Each structure stands twice: as C-alpha cells, then as structure tokens.
Amino acid sequence: MTADAWAAERRSRRLRPVTLAVLGALSAIGPLSMALYLPALPALAAGLGVRPAQAELTVTACMIGLAAGQLIAGPLSDRYGRRRPLLIGLVLYAVTSLACAFAGSLGPLIGLRFAQGLFGGAGIVIARAIVRDVCDTAAAARIFSTLVMITSVAPVVAPLAGGQLLRLTDWPGIFVVLCLVGVALPVAAAVTLPETLPETLPETLPETLPETLPETPPAASGTSAASQAPPRRWSAMAADRRFLAYAAVLALGSALLYCYVSMSSFVLQHDFGLSAQQFSFAFATMAVGMVVAASIGSALVRRKSARYALIAGLVVATAGSTALLAATVHGVPVLVFLAILLPTVSSVSMIVPSSTALALTGQGMNVGTASGVLGLLQFGVGGMLAPLLSGGGSIAISMAAGMACCAAGGILAAGLAGRFLSTRS
C-alpha cells in the first residue's frame with residue numbers, strides 16, 4: 001500500500017462500498033460453506049452409504065477447519081501482509097471445494113471439508129484485520145455491524161439456495177458452486193483490496209484516530225511487523241487483560257447464538273410442534289431481527305461509543321435470556337416464547353461487532369494474530385458448548401439456561417474489561 005493511500009484510507013475512517021462488499025463476501029465464507037449444502041445431507045448420506053449422524057461430521061469438520069484456519073492465517077497476515085495469505089488461502093479453498101465434489105467416501109470428504117474450512121478461515125480473519133488496519137474503533141464497530149448483518153443473513157439464505165440448486169444438480173454440484181465462489185473471491189480481492197498492513201507500525205494504535213494524520217505510515221520509530229515472531233505476538237496478547245476480557249465477551253456472545261442455532265429446530269418443532277415451514281419462517285424472522293439490531297448498534301456506536309453499544313446488547317441479552325428461561329419453565333405459548341426469543345437472539349448483532357472492535361483496539365502489529373484468536377474462540381466455544389448442553393434433560397430448558405449463562409458471563413467479562421481499561425489509563 002502506498003503512503004498516500006494509507007493516509008487517505010486512515011483519514012477517511014471508512015471503506016469504499018465495493019471494498020466493503022468484498023469484505024462482506026469474505027466474512028460469509030463460513031456460513032456459506034457450512035449451510036449451502038445442508039439440504040443435500042440426506043442425499044450425501046445415501047450416496048456414500050453412511051448414517052445421517054456420520055454425514056453431519058462433514059459440517060463439524062468444516063467448522064473446526066474454519067476455527068483453526070483463522071488461528072493460522074492471522075499471524076501469517078501480520079508477518080507477510082494481508083494480501084498474500086488471503087489470496088493463497090482463497091485459491092486453495094477453491095481447489096479443496098472442487099476436490100470435495102469428487103470424494104468417493106466419507107473419510108476423504110471429512111478431511112477435505114476440514115481443509116476447505118482451514119483455507120476459508122483466511123478470508124474471515126483477514127477481512128477483520130483489514131477493517132482494523134484502516135478504521136478506528138468506532139468506525140470498525142460500525143463496519144463489523146455491517147459484516148454481522150451479512151453473516152446473519154447467509155445461514156438463512158444459503159440453505160434455501162442449496163435447496164434450489166438441488167433441483168438442477170446433486171450434492172457434488174453444491175461443492176462445484178462453492179469452487180466457483182472460491183475462484184471469484186480471490187479475483188475480486190486482488191482487484192479491490194490493497195495491502196493495508198504498513199511495513200512498520202507503532203506499538204499500539206489509538207482508539208480514536210487524530211484529525212490530522214501523517215502523510216506516510218509510521219516510520220522507523222515503530223516496530224517492523226515482519227520482524228515479530230509468533231511467540232512474541234502470543235505473549236503480548238496473553239498479557240493484555242483487556243483484550244482477553246473482550247475476547248471472552250465475543251466468545252460468550254457467539255456461544256449464545258450457537259445455542260439458539262443448534263437447538264432451536266428441536267425446541268420449536270418437537271416441543272412446540274411447528275412444521276418445517278413454520279420453523280423456517282421463525283428462523284428467517286430472527287435473522288431479520290439481527291439485521292435490525294446491527295443497525296441499532298451501529299447508530300449507538302456513532303452517537304455514543306462501541307462500549308455503550310456493547311453494554312446495551314449485553315443488557316438486552318441478559319434480560320431476554322432470563323425471561324426466556326422463566327417462560328420455558330412455566331410453559332408459555334409458542335408466540336410468547338418467540339416474542340422473547342427475538343430480542344435475545346438479535347442482541348448478538350450488537351455484542352459481536354462491538355466486542356470485536358474493542359478487542360482489536362491497541363493491538364497494532366498483532367491485529368491479524370488477535371483476529372485469529374477471536375475467530376478460534378468465536379467458532380470453538382460455541383461449537384463445544386451447544387453439544388454439551390443438548391445432552392442433558394429438556395432441550396428447551398438447556399437452550400434457555402445456556403443462553404442466560406452466556407449473557408451473564410458476557411456482562412461480567414465486559415465489566416472486567418472496563419476495569420482493566422481504567423486501571424491502564
């Protein structure tokens with residue numbers, strides 16, 4: 001990235017619409033990779049001669065790969081710049097997606113799905129790092145809200161699109177479509193995304209950028225990003241209690257969402273008797289609520305601060321999940337249950353972008369590595385918590401209790417983050 005481009009992007013505190021669109025597409029790789037072929041799982045199980053539970057391992061493998069890929073690609077982007085790891089990861093994503101279409105048995109498909117997620121994770125983590133390279137905390141929180149809106153809609157749209165694709169092709173054809181997506185993304189990224197990581201950076205970036213910015217990236221007084229070995233990056237983040245606290249908020253907010261996503265179909269269809277079509281409508285309504293909440297959160301960031309939006313989201317999540325648990329225990333009608341569930345789930349769109357922006361504040365040359373840690377926690381904690389909760393007693397009570405615990409934990413972690421901030425200042 002040229003010095004003039006760096007100064008212009010940093011001064012504007014915003015990204016061009018085309019750049020934002022590409023970053024949104026990169027952020028949607030995860031839900032697209034997992035959800036586009038969900039309607040094809042029964043056909044995949046029948047075609048490979050395996051049980052449905054075995055076929056679902058391909059989804060789990062992709063999720064684990066997405067988490068691990070972010071943890072790997074983040075430090076690489078801090079060391080070698082954003083563009084090279086991003087483009088290489090996307091090209092390999094396309095290759096492994098195509099290879100999935102030709103997998104003849106379950107074992108190779110699980111391995112390829114893990115690799116697909118591993119390479120796709122580069123897009124997610126580097127998209128976040130690019131935003132934080134260019135924007136200050138408030139602007140980053142607003143852009144993360146937009147990205148959350150995209151990733152909230154993707155899990156709803158992807159299965160619908162996958163169902164329509166199955167009218168034209170069989171399950172391997174879904175992976176061919178993902179391969180085409182993987183081909184288009186590196187081309188779009190190469191054209192629209194500059195290298196946003198300067199060769200040298202100050203040790204930390206301020207929460208709010210000054211009105212007058214230097215015309216060139218920070219000079220020799222800073223530390224070369226490429227010179228920092230991964231162990232030093234890890235130790236720096238491990239010592240940053242404020243980062244760890246906001247990372248915990250992000251992980252718990254994401255876990256709250258995964259509790260809903262993984263168990264809501266059983267709760268609404270089995271316990272409340274909704275049909276598959278009615279459940280799809282309810283699921284889509286929650287996605288719309290998340291989009292609206294993301295817009296509200298963005299407005300709160302603009303008028304107040306990212307931390308204000310975060311606390312507002314956590315308060316709604318805690319109150320809503322507590323009410324949801326009480327309603328579940330007392331056996332309320334389905335419409336009352338959904339009315340409480342809607343703001344509770346929607347609050348995640350205020351929690352995730354604000355906690356992400358606040359966690360990445362002050363990371364300086366470690367933004368990519370820190371973003372990778374956030375990605376690992378975002379996918380890993382939720383992916384582990386939901387199966388554990390679903391194994392005990394009533395699924396409805398387990399879901400509501402899990403969401404309430406995540407919200408309460410998020411409040412506690414956010415309070416600790418504020419305490420660490422005041423201590424450091």
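Residues numbered from 1 in each chain as written. Predicted model: local features only at pLDDT ≥ 70, side-chain atom pairs only at ≥ 80, totals over all residues. Heavy atoms only, no water.

Colleague: I'm lost on the overall build of the protein in this one. Help?
Modeller: Helix and strand counts for the protein come out as 18 helices and 2 strands. Residue burial in the protein is summarised as follows: out of 425 residues, 52% are buried. Looking at the protein alone, contacts between residues at least 24 apart form 85% of all its contacts between residues at least 6 apart. Roughly 17100 Å² of accessible area belongs to the protein as shown, and the carbon and sulfur atoms make up 70% of that amount. (Helix = DSSP H or I, 4+ residues; strand = E, 2+ residues; numbered from the N terminus. Buried < 20%, exposed > 50% of the residue type's maximum accessible area, 1.4 Å probe, protein only. Contact = heavy atoms within 4.5 Å. Areas by Shrake-Rupley, 256 points an atom, 1.4 Å probe, with all protein chains shown as cover.)

Colleague: Before we go on, may I ask you to explain the packing of helix α6 (residues 57-80) against helix α8 (residues 106-134) in this structure?
Modeller: Angle between the axes and distance between the axes are the two parameters that describe a pair of packed helices. Running from N to C, α6 and α8 point in directions that differ by 40 degrees, and their axes come no closer than 5 Å. Classified by the angle their axes make, α6 and α8 are oblique. Between α6 and α8 lies a crossing whose hand is right-handed. (Axes fitted to C-alpha atoms, helices over the stretch in contact; angles between N-to-C directions. Parallel < 35°, antiparallel > 145°, perpendicular 65-115°, else oblique. Left-handed = near helix turned anticlockwise from the far one by under 90°.)

Colleague: What's the story with the nonpolar core in this structure? I'm lost.
Modeller: One broad trend across soluble globular proteins is that nonpolar side chains are buried collectively. Membership of the largest hydrophobic core comes to 97 residues, with the highest contact counts inside it found for L26, L341 and M403. Element by element, the count of residues in this core is highest for helix α12 (residues 241-271), at 13 residues. When sequence neighbours within four positions are dropped, the list of residues in contact with M403 reads L256, C259, Y260, S321, L324, L341, T344 and V345. The next biggest cluster of nonpolar side chains, apart from the first, holds 8 residues, and it includes M34, M63, I124 and Y258. (Core = buried A, V, L, I, M, F, W, Y, C linked by side-chain atoms within 4.5 Å.)

Colleague: Help me out: how do you make sense of the packing of aromatic side chains in this one?
Modeller: Two aromatic rings, taken as a pair, are described by how far apart their centres are and by the angle between their planes. Applying the stated criterion across every chain, the model contains 2 aromatic pairs. Taking 6.2 Å as the distance between ring centres and 90 degrees as the angle between the ring planes, the aromatic pair formed by W171 and F175 counts as edge-to-face. Of the two residues, W171 and F175 are both situated in helix α10 (residues 171-192); the distance of 4 residues between them amounts to about one turn of the helix. Each member of the pair W171 and F175 is classed as buried. When the ring of F272 is compared with that of F337, the centres are 4.8 Å apart and the planes differ by 40 degrees; the resulting orientation is tilted. Remark: F337 occurs in helix α15 (residues 334-346) and F272 occurs in the loop between α12 and α13 (276-303); sequence separation between them is 65 residues. Note on F272: relative accessible area 25%, which makes it partly exposed. (Phe/Tyr/Trp six-rings, centres within 6.5 Å; stacked < 30°, edge-to-face > 60°.)

Colleague: Looking at this structure, I do not really get the side chain of S77. What am I missing?
Modeller: Position of S77 relative to the elements: it lies in helix α6. Here R82 takes part through its side chain, which lies 2.9 Å from a polar atom of the side chain of S77. Non-local contacts of S77, meaning those with residues more than four positions away in its chain, are made with R82, P85, I126, L197 and G368. (Polar contact = N/O pair within 3.5 Å; in protein donor to acceptor, adjacent residues only side chain to side chain.)

Colleague: Teacher, can you tell me more about the environment of G331 here?
Modeller: Residue placement: G331 occurs in the loop between α14 (306-330) and α15. A residue is classified by how much of its surface remains accessible, and G331, at 56% relative accessible area, is exposed. G331 sits 59 residues away from F272 along the chain, and the two C-alpha atoms are 9.8 Å apart.

Colleague: Please clarify how the environment of T318 should be interpreted in this entry.
Modeller: Tracing the sequence through the fold places T318 in helix α14. Within the local environment of T318, its side chain forms a polar contact with the backbone oxygen of L314, the two atoms lying 2.8 Å apart.

Colleague: Mind showing me how you'd approach the side chain of Q70 here?
Modeller: Looking at the element boundaries, Q70 is found in helix α6. Sequence-distant contacts of Q70, that is, excluding residues within four places in its chain, are made with P75, G121, I124, V125, R128, S371, G372, G375 and F379.

Colleague: How should I be thinking about the environment of L250 in this particular structure?
Modeller: Position of L250 relative to the elements: it lies in helix α12. Look at L250 and you get buried, because its relative accessible area is 1%. As for L250 and V352, which are separated by 102 residues in sequence, their C-alpha atoms are 5.5 Å apart. Each residue touching L250, except ones within four places of it in the same chain, is listed here: V352, S355, T356, L374 and Q378.

Colleague: For this particular structure, what's the right way to read the packing of α14 against α15?
Modeller: Axis separation between α14 and α15 bottoms out at 8 Å; the angle between their running directions is 155 degrees. In terms of axis orientation, α14 runs roughly antiparallel to α15. At the point where α14 passes α15, the crossing takes the left-handed sense. Between α14 and α15, the contacting residues are V316, A317, G320, S321, A323, L324, A327 and T328 on the first element and F337, I340, L341, P343 and T344 on the second. Partitioned by chemical class, the residues of the contact of α14 with α15 number 9 nonpolar, 4 polar and no charged. (Nonpolar A, V, L, I, M, F, W, Y, C, P; charged D, E, K, R; others polar.)

Colleague: What is the right way to read the state of the cysteines from this model?
Modeller: One way to say it: the disulfide is the covalent bond shared by the sulfur atoms of two cysteines. Under the definition given, this model contains 0 disulfides. A disulfide-free cysteine, C406 has its sulfur positioned 4.8 Å from the sulfur of C259, the nearest such atom. (Disulfide = S-S within 2.5 Å.)

Colleague: What exactly am I supposed to notice about the confidence of the model for the protein here?
Modeller: It should be kept in mind that the predicted coordinates are not to be read in detail where pLDDT is low. A residue-level look at the protein finds 77% of positions with pLDDT of 70 or above and a mean pLDDT of 77. Highest mean pLDDT in the protein belongs to helix α7 (residues 83-101) (93); lowest belongs to strand β2 (residues 223-224) (45). Counted against residues more than four places away or in other chains, residues 201-227, with its pLDDT under 50, gives 66 contacts. (pLDDT = per-residue confidence, 0-100.)

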